[in-house]
Amino acid sequence: MGEDRSDVLQGTLDLMVLKTLETMGPQHGYGIARRIEQVSGDSLRLNQGTIYPALLRLQQRGWIKAEWGVSESNRRAKYYSLSRIGRKRIEQEARNWERIAETMARFLTASI
Amino acid sequence: MDWVRIVLNRIAALLRRRALDAELDEELRSHIEFAAEENRKRGLSPEEAHTAALREFGGVTQTREAHRVQRGFPLLEMRIADVRYALRQLRRSPGFTSVALITLALGIGANTAVFSVIEAVLLKPLPYRNADRLVLLTDPQDPQDGGILYRDFQAWKRDSRSVEEISAFYRNSGWSRVTLTGSEEPVSIQAAFVSADLFSLLGIAPELGRTFTEEEESRHERVAVLSYGLWQSHFGGSPDAIGQTIQLDGVASRVIGVMPEVFQFPAADSALWAPITSNPHWADPTILINDGQHSRGFYARWQAVARLRPGFGARQAQAEMNAIFASLEKSDPDPNRGTGIKVLPLRLEIGGDARLALYVLLASVGLLLLIACSNVANLVLARGVARAGEIAMRQALGATRRRILGQLLTEALVLAALAGIVSLPVARFGIRALVVLVPANLPRLEQTSVNLPVLGFTFVVAMLCAVFFGLAPAFALWRNGAVEKFQWKNAVSFGTRRSAAAHRWLIVAEFALSVVLLTCAGLLLRSFLLVRAVDPGFEAEHVLKLNVSLSGASSAWPASLYDTVVSRLQAVPGVKAVGAIDSLFDLGATNNLGLRAIEGRTPESRSQWTALTWDTVRGDYFTAIGARLVRGRYFNDSDDAQTQLVAIIDESMARRYWPGENPIGKHFKGQDKRGRNDDWLTVIGLVGDMHTHGLERSATPHVFEWYRQAGNGTPEILVRTSGDPVAMASSLRAIVRSVNGSAVLSDMTPIEHQLQQQLAPRRFQTTLVGIFSLLALAIAFVGIYGLMHYSVAQRRREIGIRMALGADRSGIAWLVVRECLALAAMGLIVGLALSWFATRAVSKLLYGVKEFDPVTLILVSLVLVGAAVVAGFRPARRAASVDPMQALRSE
């Protein structure tokens, strides 16, 4: 656990989950968690458990759907997929996040 | 609308918690399995793979918890759990629960009942349009009956900027009473003569038909709008009433409309409304006598009701009226004008004197509830001490102090809410009792009900109770360390010693509040007894009063009718004396009147005038009422129009004008209706003061004239009988009927009843405050008894030691009684201090006693100390009978 690994910022996890589902298609919780870890490499410290409240939150908003299914290894698992609303919202959420990131970056350069 | 979906989702989740929990568990299990499988593929042993998977997952329990928080309403779920727990706790101790519930329900119910009366009578807005901006414009000296000049009214209508709409009406109850004939028996009803725009100003549409127009008003048309009550009683609520003709004072009037029941203006007894111009006294020159220096007091008494413009308060309107009044006085002087104009908010006018009494009642039940709450708090506290173990355990298991306080408060709220529900039938019963018992005919009393505002009041009161008896003991437990320093073994003894202070303070508070209530009740009781003991100045027993009038209140009175009636009644066996007078038991305001001339004195200016009553008597009036002749003689038949004008005066009159002198033979001039204002009257008799304007009022100067010289009607007939006057009522009625079939006979009552009725409001409030104070004392008594009983039980060991060391039994008993006395004494001191404020609040209801009344205070103190001693007696005996060997061995 290196010092340069950061915790997941509040709100970013939702977008990561959405983006993962968009690229990978329907996935179970473990799959989503692994994907996020792989994409972010070693720079993010993720307790895999934390994606479950995020998944529930997205479900409550109606952005994703969940369905029980069977994995390749023949294990019962809950599969998540994007809903129509969720698909529409990804773009908007992504833009939001870019704007925040941009603003943040500007602040950081300005302070140097 | 994300949040709508979120809330709906959460509510849905709330309903299937268990299923969702199981689903989550399965999902998490499969997650770990996936991870472990992958780890195994990387070459880890099965155990290592599982451990690593769990590590990467990072806390299954936390995830579950976070998931649950996200899923539902965690705070709400916690509350629900608390409520369930509280209900379980309450069920587990039925004794405590039932005592607390009954105490609280009675207290809250009594408060709700009194409040609902206040709500209906005082708080509920008047049913008129923008009722908060309605004001009455009246004579400042006599707001009830005083009047204003009609042309002044027109000037205000023209000049005032603060007034949006204004309408005049004729209020004086005597002069706008009319006789309704046509049905079986003539009846006397209260009419109201009003401007056409009154109905639109108040914003009330007729129930049926229409109201009259300004054209009808200016044409002096005889049309009438009936009250709902009159419509029901005379036309059976039939729509055919419209267009029918009724006889008012012998003149035909056409019914054009019916007002709804809520319309009770100017008073609840207004039975019909007619154009102001159809009043027989409208612009009647004969009643406006004015000879420059002197004027009549009883000219047209118009009053006005107005709606202020938005943004104008009564005070601004008052300032403007003062200015207009002053300029009118300058430009158009008129001695008939009053001394000013008073602007009164309409809501203040209605409710009147009963207001204070009702608020005193509410304060009394409020105090009673406070005492009841103290007792419940004591119970909760005692239970809390017993539960210190449970609380300490919960704390040890990780519950925060806030959480436990929340739990305790929830328990209190649940208890109070239950009590609130149980209290509603109590309140309903209380309201029914109050509506029957409240004697003063309060307006809108019949509208009292448990409605939404009343329920809101009950709810707030119940919740306040909960905070009081729930939180106070909870804090006391902590402050006294019953919980923190809790140890299994000495839980009980430790808890009691420390929390006993809280118990004691609650008892002191109960005693103090009881003292306040007892003091007020004592003062009211003393006042009641004093009023009852007032010598009315006449002998009320065996006297029947009946009112006989003829259609046409203002038309000339056929003197022969009264002569015949009086002489016929006198001839009835069992009748001792018959007399008559023009007005009796007028409990309204008395007018200030001046005498034109008084022998031996300079005439008084208007500002020096005082109340004066002027009556005409007939027959053996003084004998019939049982007056006391002090000097001189009564009238007799040789006094007539040809002989000198004579008068009988009372002692107040003699004191007022001829103090220290013999008034017999003195001369004075007065204001009378004969138009012979410059005749001298000679005093021929002096009678003792009679309290015919109300027992509580000091007697006012009174002049009696003889009917042969004054020529007024004397409708109030008094019959003194040798036996029970009620038994003779029907035969007397028949005699009057036989003399004149169209005579209106009303108010046939023994005058003793009239006196009882005058006492009724006072009897009512005294009884109620008395009952409340005794209940308060009883609750406080139970409280201190319980505390002492408990304390003796807890201190058995200490008592045993004392006895073993040689204390004798009477000393031990004294220990207990002394403690009772100490608590009572503290309560007494605090209570007496509080009474100082409370009695000032009720001072207006007192009669003949001062707010600081040593007799009452001493009695209250004795009662309280006595109660404390009695309460301590049994616990003291129990303490004295402790067997030291057993007490020491048992622990």
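Cut-offs used in this document
Residues numbered from 1 in each chain as written. Chains lettered and ligands numbered in written order. Predicted model: local features only at pLDDT ≥ 70, side-chain atom pairs only at ≥ 80, totals over all residues. Helix = DSSP H or I, 4+ residues; strand = E, 2+ residues; numbered from the N terminus. Buried ≥ 20, exposed ≤ 12 C-beta atoms within 10 Å, placed from the backbone. Axes fitted to C-alpha atoms, helices over the stretch in contact; angles between N-to-C directions. Parallel < 35°, antiparallel > 145°, perpendicular 65-115°, else oblique. Left-handed = near helix turned anticlockwise from the far one by under 90°. Nonpolar A, V, L, I, M, F, W, Y, C, P; charged D, E, K, R; others polar. Contact = placed C-beta atoms within 7 Å. Core = buried A, V, L, I, M, F, W, Y, C linked by C-beta atoms within 7 Å. Expected span 1.5 Å × (residues − 1). Bend = angle between axes of the 7 residues up to and from the residue. Pairing = 2+ DSSP bridges. pLDDT = per-residue confidence, 0-100.

**Let's talk about the overall build of chain A**
- Helix and strand counts for chain A come out as 4 helices and 5 strands.
- Secondary structure elements in chain A, listed N-terminal to C-terminal, are β-α-β-α-β-α-β-β-α.
- Counting only residues that meet the buried cut, chain A has 29% of its 112 residues in that class.

**A word on the packing of helix H25 (residues 809-842) of chain B against helix H26 (residues 854-880) of chain B**
Residues and elements named next belong to chain B.
- In the contact formed by H25 and H26, the axes pass within 8 Å of each other and the chain directions differ by 150°. Regarding the angle of H25 to H26, the classification is roughly antiparallel. Of the two elements, H25 crosses H26, and the hand of that crossing is right-handed.
- When its residues are assigned to classes, the contact of H25 with H26 shows 21 nonpolar, 2 polar and 2 charged.

**A word on the environment of Arg18 of chain B**
Residues and elements named next belong to chain B.
- By secondary structure assignment, the location of Arg18 is in helix H2 (residues 17-41).
- The exposure class of Arg18 is exposed, given the 7 C-beta atoms found within 10 Å.
- Spatially, the C-alpha atom of Arg18 lies 76 Å from that of Pro275, the residues being 257 residues apart in sequence.

**With respect to the environment of Leu409 of chain B**
Residues and elements named next belong to chain B.
- Secondary-structure assignment places Leu409 in helix H15 (residues 401-437).
- Its 17 C-beta neighbours within 10 Å are what place Leu409 among the partly exposed residues.
- Remark: the alpha-carbon pair of Leu409 and His220, spanning 189 residues in sequence, is separated by 70 Å.
- The residues touching Leu409, leaving out its near neighbours within four places in the chain, are Gly470 and Leu471.

**A short note on the interface of chain B and chain A**
- With 23 residues of chain B in contact, the opposing surface of chain A contributes 17 residues.
- Of all the secondary structure elements, the ones that give two or more residues to the side of chain B that touches chain A are helix H1 (2-15), H2, helix H3 (46-57) and helix H4 (60-71) of chain B.

**Observations regarding the nonpolar core**
Residue and element names in this part refer to chain B.
- One finds Leu104, Leu368, Cys465, Phe511 and Ala776 to be the most contacted residues of the largest nonpolar core, which totals 100 residues.
- The biggest single contributor to this core is helix H17 (residues 491-532), with 18 residues.
- When residues no more than four places from it in sequence are discounted, the contact partners of Leu368 are Gly107, Ala110, Phe772, Leu775 and Ala776.
- Counting residues in each nonpolar core, the second largest holds 54 residues, with Ala224, Val225, Ala271 and Val343 among its members.

**Digging into helix H4 (residues 84-110) of chain A**
Residues and elements named next belong to chain A.
- Between the first and last C-alpha of H4 there are 40 Å, a value that for 27 residues agrees with the 39 Å anticipated at 1.5 Å per step.
- At Ile90, H4 shows its strongest bend, of approximately 30°.
- Counting buried residues in H4 gives 2 out of 27 residues, a small share hidden from the surface.

**Digging into unusual backbone geometry**
All names here are of chain B.
- Omega for the bond connecting Phe265 with Pro266 falls within 30 degrees of zero, at 0°, which places this linkage in the cis form.
- Within the secondary structure layout, Pro266 lies in the loop between strand E8 (251-258) and strand E9 (270-275).
- A positive phi angle, close to 45°, is found at Asn130, a residue other than glycine.
- Of note, Asn130 is situated in the loop between helix H6 (94-123) and strand E1 (134-138).
- We classify Asn130 as partly exposed; it has 16 C-beta atoms within 10 Å.
- Even without being glycine, His542 reaches a positive phi, approximately 60°.
- With respect to the helices and strands, the residue His542 is situated in the loop between H17 and strand E12 (543-549).

**Re the pairing of strand E13 (residues 575-581) of chain B**
Residue and element names in this part refer to chain B.
- When you tally the buried positions in E13, you get 5 out of 7 residues, the bulk of the element.
- With 3 bridges connecting them, E13 and strand E17 (residues 613-619) associate as antiparallel partners. Along E17, the bridge assignment pairs Gly579 with Gly619.

**Some remarks on the sheet that holds strand E4 (residues 64-70) of chain A**
All names here are of chain A.
- An order of E2-E5-E4 is seen for the 3 strands of this open sheet, with the pairing classed as antiparallel. Looking at which strands have only one partner, the edges of the open sheet turn out to be strand E2 (27-28) and E4.
- Direction of pairing for E2 relative to strand E5 (residues 76-82): antiparallel, over a ladder of 2 bridges. What sits directly across from Gln27, in E5, is Tyr80.

**Some words on the confidence of the model for chain A**
- In the predicted model, chain A carries a mean pLDDT of 84, and the fraction of residues at 70 or more is 88%.
- Across chain A, the element-wise mean pLDDT spans from 59 in strand E1 (residues 6-7) of chain A up to 91 in E5 of chain A.

**Some thoughts on the confidence of the model for chain B**
Residues and elements named next belong to chain B.
- The predicted model of chain B averages 82 in pLDDT, with 88% of residues at 70 or higher.
- By mean pLDDT, helix H12 (residues 346-349) is the weakest element of chain B at 64, and strand E6 (residues 223-226) is the strongest at 93.
- Ignoring residues within four places in sequence, the model shows residues 486-496, a span with pLDDT below 50, making 16 contacts including any to other chains.
- This complex was scored by the predictor with a pTM of 0.71 and an ipTM of 0.87.

**Topic: H2 of chain B**
- Taking 1.5 Å as the rise per residue, H2 of chain B with 25 residues should run 36 Å; its terminal C-alpha atoms sit 36 Å apart, in good agreement.
- Looking at H2 of chain B, one finds that the buried residues are Glu27, Leu28, His31, Phe34, Ala35 and Ala36 of chain B.
- Buried-residue contacts for H2 of chain B involve helix H2 (29-40) and E5 of chain A together with H3 and H4 of chain B.
- With its phi angle positive at about 105°, Gly43 of chain B sits one or two positions after the end of H2 of chain B.

**Thoughts on the pairing of strand E3 (residues 177-181) of chain B**
Residues and elements named next belong to chain B.
- As paired strands, E3 and strand E4 (residues 187-194) are joined by 4 bridges and run antiparallel to one another. The partner of Val178 across the bridge, within E4, is Ile189.
- Bridge count between E3 and strand E7 (residues 245-248): 2 bridges; the pairing is antiparallel. In the strand pairing of E7, Thr181 is matched with Gln247.

**Points about the packing of H2 of chain A against helix H3 (residues 51-61) of chain A**
All names here are of chain A.
- Running from N to C, H2 and H3 cross one another at 110°; their axes reach a closest spacing of 11 Å. Between H2 and H3, the interaxial angle falls into the category roughly perpendicular. The crossing of H2 and H3 is right-handed. Across from Gly29, Ile32 and Ala33 in H2, the residues of H3 making contact are Ile51, Tyr52 and Leu55.

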